[in-house]
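# Summary of structural features
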Amino acid sequence: MADTSVLRDGLHFGEGPRRGPDGRLYYSDFYAGEVHALDLATGDDEVVVTFDGQPSGLGWLPDGRLLVVSMLDRTVRRLEGDDLVLHADISDIATFHANDMLVDSEGRAYVGNFGFDLHGLIDDVGIARLLEPDFEPPGAALALVQPDGSVSVAAEDLKFPNGMALLPDPTGESESGNILVVAETVAFQLTSFSVDRNGSLQNRRVWADVKEFGIAPDGIAGDGDGVWVAPALQPAVFRVTEGGKITNKVETTQTCFAVAVVGDNLVCLTAPDSNPSVVKPDRLGKIEIHPLN
């Protein structure tokens, strides 16, 4: 039995959940081409913007303007009034679909990408191929977009860089006082970097290897000294701390692909599959919540 309650259903595929400046849950629905804002208390759901594309990661500039990853053309858009205008083009860095994004308090955006055609591979040889010892996926670069839209490479050779979270640096060695934890989905691990004051990344290391738990980390959300991890292969969410210790498990009604902490609630975006052939034609996605206190 699931530990969550379903707050909303009828999504194609939800992604990029974030607590917005107004306290609502913002999220993308890939195949509807929509960004929504959901009031967790009332259930009121607003379509914030619709565009002819596939939205994913979300974040905000310090002045409150919304940033949206446009997956297929590998850009970051900025909401100006009712229009999504070009903020940054990362197509020279992203080698396949752009995906999740984390925007820090200075307005710097870290943007991941698939790196290769994941669903094409799964269609050809099956998902079990990802778990075989000789499987070596191509690496992908993590893009860093400055508030003015300029683009650089933050880190290279990540295996499907996906969800990200900023955590306090327990060593106190990073210039900013934070570490960036990145989910490397097809490496089955979480990788961390020390963050410099200018947003550059240093001191790469494996933060947690979660392969033994069958976790292909997708979306993640920071929570104190740990992160909540959507496993992409299981109907659950796991809280993981450095070194790979599992401190909590929350079971969901279907596979969880993205998570957020909004107030006292863990928000889980679930679907029966991530393959477009399954979720694009139908509306099988859900938003599920679980109280943390």
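Whatever comes next refers back to the structure up there.
First things first, this report covers the structure right here in the doc. (Residues numbered from 1 in each chain as written. Predicted model: local features only at pLDDT ≥ 70, side-chain atom pairs only at ≥ 80, totals over all residues. Heavy atoms only, no water.)

## Re the overall build of the protein chain
Convention followed: Put simply, DSSP H or I for four residues or longer makes a helix, DSSP E for two residues or longer makes a strand, and each gets a number counted from the N terminus. Computation of the radius of gyration draws on C-alpha atoms alone. For the globule rule, the value is 2.2 Å times the number of residues to the power 0.38. Residue burial is assigned from relative accessible area. The probe radius is 1.4 Å, only protein chains are included, and a residue is buried under 20% of its type maximum, exposed over 50%, and partly exposed in between. All accessible areas in this document rest on Shrake-Rupley with a 1.4 Å probe, and a residue is counted as covered only by the protein chains that are shown. The sign given to each residue is positive for Lys and Arg and negative for Asp and Glu; His and the chain ends receive no count. Lys charges are placed at NZ, Arg charges at CZ, Asp charges at CG and Glu charges at CD.
Of regular secondary structure, the protein chain possesses 2 helices and 24 strands. Its C-alpha atoms give the protein chain a radius of gyration of 17 Å, within 12% of the compact-globule value 19 Å for 293 residues. Along the first, second and third principal axes, the C-alpha atoms of the protein chain reach 45 × 45 × 45 Å. Buried positions account for 55% of the 293 residues belonging to the protein chain. Working note: accessible area of the protein chain is about 11800 Å², and carbon and sulfur atoms make up 45% of it. Treating the 21 positive side-chain charges of the protein chain as one cloud and the 46 negative ones as another, the clouds have centres 1 Å apart.

## Overview of the packing of aromatic side chains
To keep things clear, this is the line we draw: The criterion for an aromatic pair is that two Phe, Tyr or Trp rings (for Trp, the six-membered ring) have centres within 6.5 Å, with stacked assigned to planes under 30 degrees apart, edge-to-face to planes over 60 apart and tilted to the rest.
With the rule as written, the count across this model stands at 6 aromatic pairs. Put simply, the rings of Phe13, Phe30, Tyr31 and Phe257 touch in pairs and so form one group of aromatic residues.

## Topic: the sheet that holds strand 6 (residues 55-60)
Applied cut-off: Pairing between two strands is assigned when DSSP locates at least 2 bridges connecting them. For every element, the axis is a line fit to its C-alpha atoms; helices are fit only across the contacting stretch, and the angle between N-to-C directions ranges from 0 to 180 degrees.
The strand order across the open sheet formed by 4 strands is 6-7-8-9, and the pairing between neighbours is antiparallel. Only two strands of the sheet have a single neighbouring strand rather than two, namely strand 6 and strand 9 (83-89). Recorded for the sheet is a direction-independent mean angle of 30 degrees between the axes of neighbouring strands.

## Looking at the sheet that holds strand 19 (residues 226-229)
The strand order across the open sheet formed by 4 strands is 18-19-20-21, and the pairing between neighbours is antiparallel. The outermost strands of the open sheet, each flanked by one partner alone, are strand 18 (220-223) and strand 21 (245-251). Strand-to-strand twist across the sheet, computed as the mean angle between neighbouring axes with direction ignored, equals 25 degrees. Both strand 20 (residues 236-241) and strand 21 contribute to a ladder of 6 bridges, which runs antiparallel. Looking across to strand 21, one finds that Thr241 is bridged to Lys245.

## Description of the pairing of strand 9
Looking at chain direction, strand 8 (residues 75-80) and strand 9 are connected through 6 bridges and run antiparallel. What sits directly across from Thr75, in strand 9, is Asp89. Hairpin connection, strand 8 to strand 9: the antiparallel pair is bridged by 2 residues, and Gly81 has positive phi, about 65 degrees.

## Some details on unusual backbone geometry
The general pattern is negative phi for most residues beyond glycine and trans for most peptide bonds. Even without a glycine there, the phi angle at Arg74 is positive, about 55 degrees. Assignment of secondary structure puts Arg74 in the loop between strand 7 (66-70) and strand 8. Overall, Arg74 belongs to the partly exposed group, its relative accessible area being 25%. Phi at Asp157 is positive, roughly 55 degrees, even though this residue is not glycine.

## Describing the pairing of strand 17 (residues 201-209)
Relative to strand 17, strand 16 (residues 189-195) runs antiparallel, the two being bridged by 6 bridges. Paired with Gln189 across the two strands is Asp209, which belongs to strand 17. The antiparallel pairing of strand 16 with strand 17 creates a hairpin that spans 5 residues between the two strands, and Gly199 there sits at a positive phi of about 95 degrees.

## Digging into the pattern of salt bridges
Operational definition: Here a salt bridge means any side-chain nitrogen of Lys or Arg lying within 4 Å of a carboxyl oxygen belonging to Asp or Glu.
All chains considered together, the criterion is met by 15 salt bridges. For Asp73, the salt bridge is made with Arg77, and the minimal N-O distance between the two is 2.8 Å. Under the relative-accessibility criterion, Arg77 is labelled buried at 17%. Salt-bridge contacts for Glu175 lead to Arg197; the nearest nitrogen and oxygen are separated by 4.0 Å. Residue Glu175 is located in the loop between strand 14 (161-168) and strand 15 (178-184), and its partner Arg197 is located in the loop between strand 16 and strand 17; the two are separated by 22 residues in the primary sequence. According to the relative accessible area criterion, Glu175 is partly exposed, its value standing at 42%. Sharing partners across several salt bridges, the network here consists of Asp63, Arg65, Arg78 and Glu80.

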